[in-house]
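Here is what each chain is made of, one letter per residue.
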Amino acid sequence: MTVLDAFDHIAALSPDLRQAIDAGRAKPQRWVMQEQKLTDRESGERLYKEDKPDTELEDEAVNSWLRQADCLQIADTATLQTVISTSSSKWRSLGYESLANLTIANIHDSADDLQLLWSCQQIEEFLSKHQTTLLSAPKHHDAGLLLIHGMGSCTAIARLVTTLKPRLVLLFETDLDLIANRVDDRSQNEQLLLALQLAGSTLFLITDTDGDHAVYHANLLIAITSLRAQTYCFRFRFREIALADELDKRLAGPDACLKALRYLGFFVDELHILMNSILSFTHTDARIVSYGRVNEHERHAVIVASGPSLADSLPLLKVDRERFDLICCFSTIGPVLGAGITPDYHCHMERHADARFMQASPELEAFSRNATLLSSANVDPRLVQLYQNTFTFLRSASTSSALFASKASEVIGSEGSEAANAAVVFAVLLGYRTLHLFGVDFGAVDPSSAKRIEGALHHSERTMNLAVEGNLRATVYTSQALKDAAEWTGTFLNPDLYEPARGSVENTKVYNYSDGQRIPRTISAKPESFNRNLQGSAAVNCIKAAIEKTDLQHLGRERLLGCDLPARIRLQCRIMRQLADQPLNEHHHDLFRQSCADRNVGTMIDQVVTRLFGGTLSRIWIDLLVLSRLIPQQAEAEWEKHCRHILLSCINSMEALSLEMLSYSLSLSNLHEHKLRSVLEEMEALKQI
């Protein structure tokens, strides 16, 4: 078996390794065996420093590790009980009696994952009714995630795989020559391949030399299978590498489970953003923009968000207003107009805005009539129709992207969750290559000052007690959600992490004048340098040019009807019901695979129904599966029956609501008939409960 044959069989390899093999840059002959030790022919250094044969050292390491059973149960009992208790109390506070009460009208724009909340209440009631005390340790710990730091022999890795039977193996090794050498041995190679096949494991090689890249790619792979949230993490080090500590902290840290659960998606969210996009593309002139559709230009863009540091910079922006185009994030519009500054663009993300906000005063209403809206394709269509022009982009985090994208590269990745993230994305898509950020704080100078700028349209409750590196000072404070938002912007601006964006972001320069947390891939700059950094900005305002140069795409209901979504939804739910009626155990992963929100396989259209149900049903499945390992033997039979009841009830509810949403969306002849409650009305209704 040749080296290339081995790579083809070992599973999805990292692009840089494949490229190195194809280009002949990976040289397995650089590593040679001298006195039973693998030695670098060029430097004379040995792979292992100890004075024993490599095979003996690896055998001792593997035996020692397996005796210690060094595994981490990520979704532990305490975490699960916290999730269950919180979700159950949230369901009760909503005032619903059961899933049968749910209709499109009464869940419209609710950010609550109602099927998950109901299932958690059912779990809590089961534990209480049966007076069940969960086991402190699980009965099984296979089918987990194995992290291997450093390339050992294929024989040693095969032993680890055979014993642990992990579903996913991430092997981190930056020396491409070493990997090529280790898999060049036919007998070892076949032994590893057989072990992977028998254990049902998939091996990924993470070969990035940059720590951020390695963590990003590993996170992506783990997120695909949601392993952080449902099972175990095994960590093995063949040798010390600089990246190992960071990987352990980021991939298997104490908050790994909750973070994975938080970002898996919500059925009600997915349902209504899909409805919004259907109505927007059918009844408005919203147009999709993506990479390659707009020519680059020299005009600079300024992005203003509602961080408190913006207040001191507003006079500066007013003086130089004609020298740049201004993108205003959603809630910032009040203070900006109040300072006598009129933005060129107003940027929204779904759930951040409401038509009634923009009609709350004559000034806001007049502004929207003459403004250009930048939004995700999922924003409420009643908001879209208030603006003169609307540009949208297809979010990787939304179901509707799969429906409306004509090719995968049109879906924008690493777009984040905040309007400030979206504003950076739009600036790049509209051809701006020099950006200036003001008020994009993503944090506060101290925990007590965690507020938006005075006069902002929206004031969310935020607790900022996480210390991070500041942009203009050593330390500031933020929340986990805003820390993630800053990292998303840095990821989007990284040309090595998202191939479709490479040409655009390679030439993009981003100055950050905000007094908040440091944003990766941006240039920290003091506000007084703004005038100097504006040098070279084109004199002509680019709004009209951007509209004319954009390859506009308007998709009508013919595209939607051609997808035959109702039939696909019924088929998907029929499959999931059959799987949910089978025993739930460690080795039964088909239900999870059917529901998992995996964006990287299958056709774009097929992913609509998968992702619509994926996040919610996957999390319910995770809770039930992990708890099943902790249920005492005397309660197992009743627990199995209860699990099937929960899963089937949720699948039935999700199917009924999905079909009702599609029927409603396609029945409207114009937006004046769209009477469902808006975001603001939903918020007001919840306050009265």
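Residues numbered from 1 in each chain as written. Predicted model: local features only at pLDDT ≥ 70, side-chain atom pairs only at ≥ 80, totals over all residues. Heavy atoms only, no water.

Visitor: Would you explain the pattern of salt bridges in this entry?
Guide: Summed over all chains, the structure comprises 23 salt bridges. Put simply, Glu 45 and Lys 49 hold a salt bridge, and the shortest N to O gap is 3.9 Å. Given the relative accessible area of 63%, Lys 49 is considered exposed. The residue Arg 159 makes a salt bridge to Asp 59 at a minimum N-O spacing of 2.6 Å. (Salt bridge = Lys/Arg side-chain N within 4 Å of Asp/Glu carboxyl O. Buried < 20%, exposed > 50% of the residue type's maximum accessible area, 1.4 Å probe, protein only.)

Visitor: Looking at this structure, I do not really get helix H18 (residues 362-369). What am I missing?
Guide: Residues of H18 that are buried: Leu 364, Phe 367 and Ser 368. The arc enclosing the buried residues of H18, seen along the axis, measures out at 95°, which places them on a common side. Each element contacted by the buried residues of H18 is listed here: helix H16 (333-338), strand S11 (345-348) and helix H17 (355-358). (Helix = DSSP H or I, 4+ residues; strand = E, 2+ residues; numbered from the N terminus. Arc of directions from axis to C-beta. Contact = heavy atoms within 4.5 Å.)

Visitor: What's the story with the confidence of the model for the protein in this structure? I'm lost.
Guide: Note that predicted coordinates carrying low pLDDT should not be read in detail. With 83% of its residues at a pLDDT of 70 or more, the protein shows a mean pLDDT of 82. Predicted confidence is poor over residues 1-12, with pLDDT under 50, and the contacts of this stretch with residues over four places away or in other chains come to 35 contacts. Per-residue pLDDT stays below 50 along residues 597-602; that stretch engages in twelve contacts with residues further than four places along the chain or on separate chains. (pLDDT = per-residue confidence, 0-100.)

Visitor: Just checking my understanding: could you explain the pairing of strand S17 (residues 475-478) for this structure?
Guide: A regular strand places its side chains so that they alternate between the two faces of the sheet. Side-chain alternation along S17 places Val 476 and Thr 478 on a buried face and Thr 475 and Tyr 477 on a face that remains uncovered. With four bridges connecting them, strand S16 (residues 466-469) and S17 associate as antiparallel partners. Residue pairing in the sheet places Leu 466 in a bridge with Thr 478 of S17. A loop of five residues connects S16 with S17, the two strands running antiparallel in sequence. (Pairing = 2+ DSSP bridges.)

Visitor: Would you take a moment to explain the packing of aromatic side chains for this structure?
Guide: Aromatic ring pairs are described here by two measures, namely the spacing of the ring centres and the angle between the planes. With the rule as written, the count across this model stands at eleven aromatic pairs. Judged by centre distance (5.6 Å) and plane angle (85°), the ring pair of Tyr 513 and Phe 530 falls under edge-to-face. Of this pair, Tyr 513 sits in the loop between strand S18 (509-512) and strand S19 (523-524) while Phe 530 sits in helix H24 (residues 530-533), and the two are 17 residues apart along the sequence. Taken together, the aromatic side chains of Phe 324, Phe 438, Tyr 511, Tyr 513 and Phe 530 make up a single cluster linked through ring pairs. (Phe/Tyr/Trp six-rings, centres within 6.5 Å; stacked < 30°, edge-to-face > 60°.)

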